[in-house]
Amino acid sequence: MSNSSNFIQIVNYDGDFVGDVSTFIKEASLQKTGLDYSVVTVLGCQSSGKSTLLNRLFKTSFQVMDASAGRGQTTKGLWMALNKGVDDRNIVVVDVEGTDSKERGEDRQTFEHRASLFSLAVADCVIVNMWYHDIGRYTASNYGLLQTVLEVNLELFGHDHKDKAKTLLLFIIRDHAEAQTPLAALEKMILKDVHEIWDEKVRKPEGLETLPAERFFEFKIVGLPSLFVVPEKFNEASTELQNRFSKGKAKASDKFLKDTYSREVPADGFPIYCRQVWETIVSAKQLDIPTQKEMVGTFRCEEIKVQVVAGLQAEIAKMNALVEKGEDPNLPAKVKAVLQEGLEEYSEPASRYSKDIFEKKRSELLQAMKAALGRPVGLHIGHLRERLAREADRRLAAAVSTKGDKSSSDSGASSSREEKWAGFSDTVNQWKSDALKRFDDELEAFDTDLPEVGKVSFEGTEAKAAFGVSLSASVERIRGEEVQRLRAAVRESVSRELEKVDALLENANLQGDKFWNEVSEICATSYRSCGKTFNSSAGGLGLQMGSEEGGVEEGGEKLLQVLGGGGDAEASAEDSEAALLQVAALEIEGLLRARLERVAQSLPQRVVEKFKVLFEADEDDTPRQWIAMSPSEIQKAFVKARDAALPLIDTFEKLRVDTRTFESCPAPVEVKRRFSKPVFSEGRKEAVKEKATSMMKRECSRAQEIQAAGGAPAKLPLWAYFAFLILGWNEIVMVLSNPATFFFLGILAVVGIVAFYTGNKKMMLDLGRQALGMSTSFLLPVLQSVHSAVAPQADPGGSRGSNKKTD
């Protein structure tokens, strides 16, 4: 057995016999083997694992599909290789392109037919590869191909059936699981289907009507487990299957192949035999393969159809090149010429065959030509659609757009904007009807009257629908712009009304309940005003609530859905008014929330302002005299004012509007949910409270300082500090030059700062007295001399100087 690893393509994708089989046979050392060889071919659907199966059984190297890159055609044409898996038999293996290929399109049946003929003519064993889950399906189970195989074999070899060796049809069921369906049951089902096809569908020549299928074929059914699910079982079963192709590794009853080539062609003549068989198949336009008139007619009419379509490609390519640059006004005439020419080229030779087949293939030809012309016609229609859509868009915008129009609420302005909104739907309906009629007129230019066929039209439904989509897009775009302008008008109306809330916020001593009662009344007034002012506008624009399925997004963007103007649904007046009220409610909530969020940014200061109003004056609104109050009285006043000011934070925490006003809107629950959302988070609330409390403590500390000092200390002018620095420079240098003194004063300064900012004034004063007592011995002379110099300037009237005490 040769170890040659070569394999060749014998028939390419275009159906040409290109393989040098003679060289292949020589290199495989088969030239002198006579009849000591066998031929195995495989048939089956594309991407069904045929090449993988052959590689596993015969150790060949056919290209297989990379499933990770997607499913598609792998084997193209016919390929031939030498078996290396069965070591005691010479087997020529032919891998055949899969059937049902989308890549071949209209031409696939011709090639499938030829490949089936070739396989039957040369093979001892034809493997029919099928998947377990496809059993019972006509196309996926290759039953159509099986019928062709049975008929072709009968026509090819029926005349010498008495002497002809039988061809083995080996059905290999992939992904079979014995526990799921026993192989015996599948074998019974498949053989039953084969006999039904043979008895009921295969047309038999005269004299062979009663012959059974077993006279020409042997049928064997084998199951293979899944390669990916149970790879171990797959390998075990495929090894057993491989052994059945061997001469000596299987029982005689289990062997698949005879000892010699059943077609009785010596190996050195096999290359010539292959070429002659293929060329006979390809060139047999009027021969008896198959002989029945119907089969010949089908084959020839199909071939003529393919040739006609191929011959028109050059002209269609020119059309494509031209129309890709833009709209071609002569394209309708060119399309008519192509259809007429193609039909004439087909009818002359094809009309000689069966009328039914001729007309059937003519219909297919028309569809194929229309499909081929689909690109240039589609491009032309695309240009046409774009041009008409642009023109229609401009006309619609001119008719209904309110850009630049003034609101009727403006002083001295007209109500043109509201009038356009109210009449929007009527304007759009008339505009759309006119645009579609213009499109229909343009599309009818492609209609062609053909002899014996009648009127041929390009499908306008899809194109018209696409144009309708373009029109709807224009409507929705302009409607969307107008909806936004309407919403802006609603927002402007709401904003004007909510300016009254700003006036309420100016009151530093506002009361929460009273404030929110007044705000609720303002919101109710704005809500009713919007419904009255814009009701007709909303109806004209066809506002409608969005679907529940879409949900409600932040900002209410999904609460509106633009309908009408030729759509599947029209918004009723009630629906539009409801949608408008929903918009008004959401605008009120959004603008009111924005105001409170701005308030929240300065909320600590607002709390402190209210605190100061209450803290710095008594119940009679008389300013407090801190010097006349005791520390406990100051503390009580602080607590009372603080407890009265801090609830202001809760006042602005949420929008405490009476939402019963919005019960008339279509989604009151959603409106209530939005109004109930906090203006700021719990964490931010605590931060505001902490900051406000700290600021209030500072105010309290200032009052405590004044009370402890016996009055507010007089402030020296700025120049006095410079005089103090100049006149006391020598003394300051003396203090700073002493490390112990400097260190002591530094500690006192730090302690004093900490005591001041923590509010522990008593500790600060005690430390001050101690420091003063300790520093009297060396600081008093300095202070006396400096004071004598600056006091007259600090208090020119001498009022404070006359009462000064000196220790």
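Given the structure is predicted, the values throughout are model-derived calculations rather than measurements.

**Let's talk about the overall build of the chain**
In terms of helices and strands, the chain carries 27 helices and 9 strands. Within the chain, buried positions represent 45% of all 807 residues. Summarising the internal contacts of the chain: among those between residues at least 6 apart in sequence, 76% fall at separations of at least 24. For the chain, the accessible area works out to roughly 41,300 Å², and carbon and sulfur atoms hold 52% of it.

**Comments concerning helix α2 (residues 50-58)**
A large share of α2 lies buried, amounting to 7 of its 9 residues. What α2 keeps buried is the set Lys50, Ser51, Leu53, Leu54, Asn55, Leu57 and Phe58. Trailing α2 by a residue or two, Lys59 shows a phi angle of about 55°, which is positive.

**Notes on the pattern of salt bridges**
Applying the stated criterion across every chain, the model contains 28 salt bridges. Its salt-bridge partner being Glu302, residue Lys361 comes within 2.9 Å of it at the nearest N-O pair. Here Glu302 lies in helix α8 (residues 293-311) and Lys361 lies in helix α11 (residues 355-372), a separation of 59 residues in the sequence. Across this residue pair, the class does not change: Lys361 and Glu302 are buried. Counted as one network, the salt bridges with shared partners bring together Glu302, Lys305, Lys361 and Glu364.

**Describing the packing of aromatic side chains**
Enumeration over the complete set of coordinates arrives at 18 aromatic pairs. Taking the centre distance of 5.7 Å and the plane angle of 75° together, the rings of Tyr37 and Phe270 count as edge-to-face. With Tyr37 in the loop between α1 (21-27) and β2 (38-44) and Phe270 in helix α7 (residues 270-283), the pair connects residues that are 233 residues apart, well separated along the chain. For the pair formed by Tyr37 and Phe270, the shared burial category is buried. Counting every residue linked through ring pairs, the aromatic cluster contains Phe611, Phe615, Trp626 and Phe638. Geometry around Tyr13 places Lys76 over its ring, the cationic atom sitting 5.7 Å from the centre. The positively charged end of Arg174 is found above the aromatic ring belonging to Trp131, 5.1 Å away from the centroid.

**Looking at the confidence of the model for the chain**
For the chain, the mean per-residue pLDDT works out to 76, and 78% of the residues sit at or above 70. Long-range and interchain partners of residues 285-293, a stretch whose pLDDT sits below 50, account for 21 contacts in this model, where long-range means more than four residues apart. Confidence drops under a pLDDT of 50 for residues 547-569, and excluding neighbours within four residues, the segment shows 53 contacts in the predicted structure.

**Some remarks on the packing of helix α18 (residues 603-615) against helix α22 (residues 682-709)**
Relative orientation of the contacting elements α18 and α22 amounts to 35°, with a least axis distance of 9 Å. α22 is crossed by α18, and the crossing has right-handed handedness. Side by side, α18 and α22 meet where Leu603, Pro604, Gln605, Val607, Val608, Phe611, Lys612 and Phe615 of the first sit next to Val688, Lys691, Ala692, Met695, Met696, Glu699, Cys700 and Ala703 of the second. By residue class, the composition of the contact of α18 with α22 is 12 nonpolar, 1 polar and 3 charged.

**Overview of the side chain of Ser238**
Mapped onto the elements, Ser238 comes out in helix α6 (residues 231-243). One polar contact links Ser238 to Arg56, side chain to side chain, over a distance of 3.0 Å. When neighbours within four sequence positions are excluded, Ser238 is seen to be in contact with Arg56, Leu57 and Leu224.

**Observations concerning the side chain of Arg89**
In this structure, Arg89 sits in the loop between β3 (78-82) and β4 (91-96). Within the buried core, Arg89 has no salt-bridge partner, and the shortest N-O distance to an opposite charge, that of Asp259, equals 4.1 Å. Within the structure, Arg89 has its side chain in polar contact with the backbone oxygen of Lys258 (distance 2.7 Å).

**Thoughts on the environment of Val679**
Checked against the element boundaries, Val679 lands in the loop between α21 (668-676) and α22. Taking relative accessible area as the criterion, Val679 reaches 8% and is therefore assigned buried. As for Val679 and Ala600, which are separated by 79 residues in sequence, their C-alpha atoms are 8.0 Å apart. Not counting residues up to four positions away in its chain, the partners in contact with Val679 are Arg593, Leu596, Glu597, Phe652, Glu653, Lys654 and Leu655.

**What to know about the nonpolar core**
Judged by nonpolar contacts, the single largest core of 109 residues is most densely connected at Leu373, Val490, Leu592, Val607, Phe615, Phe652 and Phe662. The leading source of residues in this core is helix α15 (residues 460-505), at 13 residues. Setting aside chain neighbours within four positions, we find Val490 in contact with Cys530, Phe534, Leu580, Val583, Ala584 and Glu587. Within the second largest apolar cluster, 62 residues are counted, among which are Leu117, Ala123, Leu186 and Cys274.

**Regarding unusual backbone geometry**
Not every positive phi belongs to a glycine, and Lys59 is a case in point at roughly 55°. The class for Lys59 is partly exposed, based on a relative accessible area of 43%. A positive phi angle, close to 60°, is found at Asp175, a residue other than glycine. Of note, Asp175 is situated in the loop between β6 (167-174) and α5 (183-201). On the basis of relative accessibility, which here comes to 30%, the residue Asp175 falls in the partly exposed class.

Quick notes on the rules
- Residues numbered from 1 in each chain as written.
- Predicted model: local features only at pLDDT ≥ 70, side-chain atom pairs only at ≥ 80, totals over all residues.
- Heavy atoms only, no water.
- Helix = DSSP H or I, 4+ residues; strand = E, 2+ residues; numbered from the N terminus.
- Buried < 20%, exposed > 50% of the residue type's maximum accessible area, 1.4 Å probe, protein only.
- Contact = heavy atoms within 4.5 Å.
- Areas by Shrake-Rupley, 256 points an atom, 1.4 Å probe, with all protein chains shown as cover.
- Salt bridge = Lys/Arg side-chain N within 4 Å of Asp/Glu carboxyl O.
- Phe/Tyr/Trp six-rings, centres within 6.5 Å; stacked < 30°, edge-to-face > 60°.
- Lys NZ or Arg CZ within 6 Å of the ring centre and 35° of its normal.
- pLDDT = per-residue confidence, 0-100.
- Axes fitted to C-alpha atoms, helices over the stretch in contact; angles between N-to-C directions.
- Left-handed = near helix turned anticlockwise from the far one by under 90°.
- Nonpolar A, V, L, I, M, F, W, Y, C, P; charged D, E, K, R; others polar.
- Polar contact = N/O pair within 3.5 Å; in protein donor to acceptor, adjacent residues only side chain to side chain.
- Lys, Arg positive; Asp, Glu negative; His and termini not counted.
- Core = buried A, V, L, I, M, F, W, Y, C linked by side-chain atoms within 4.5 Å.

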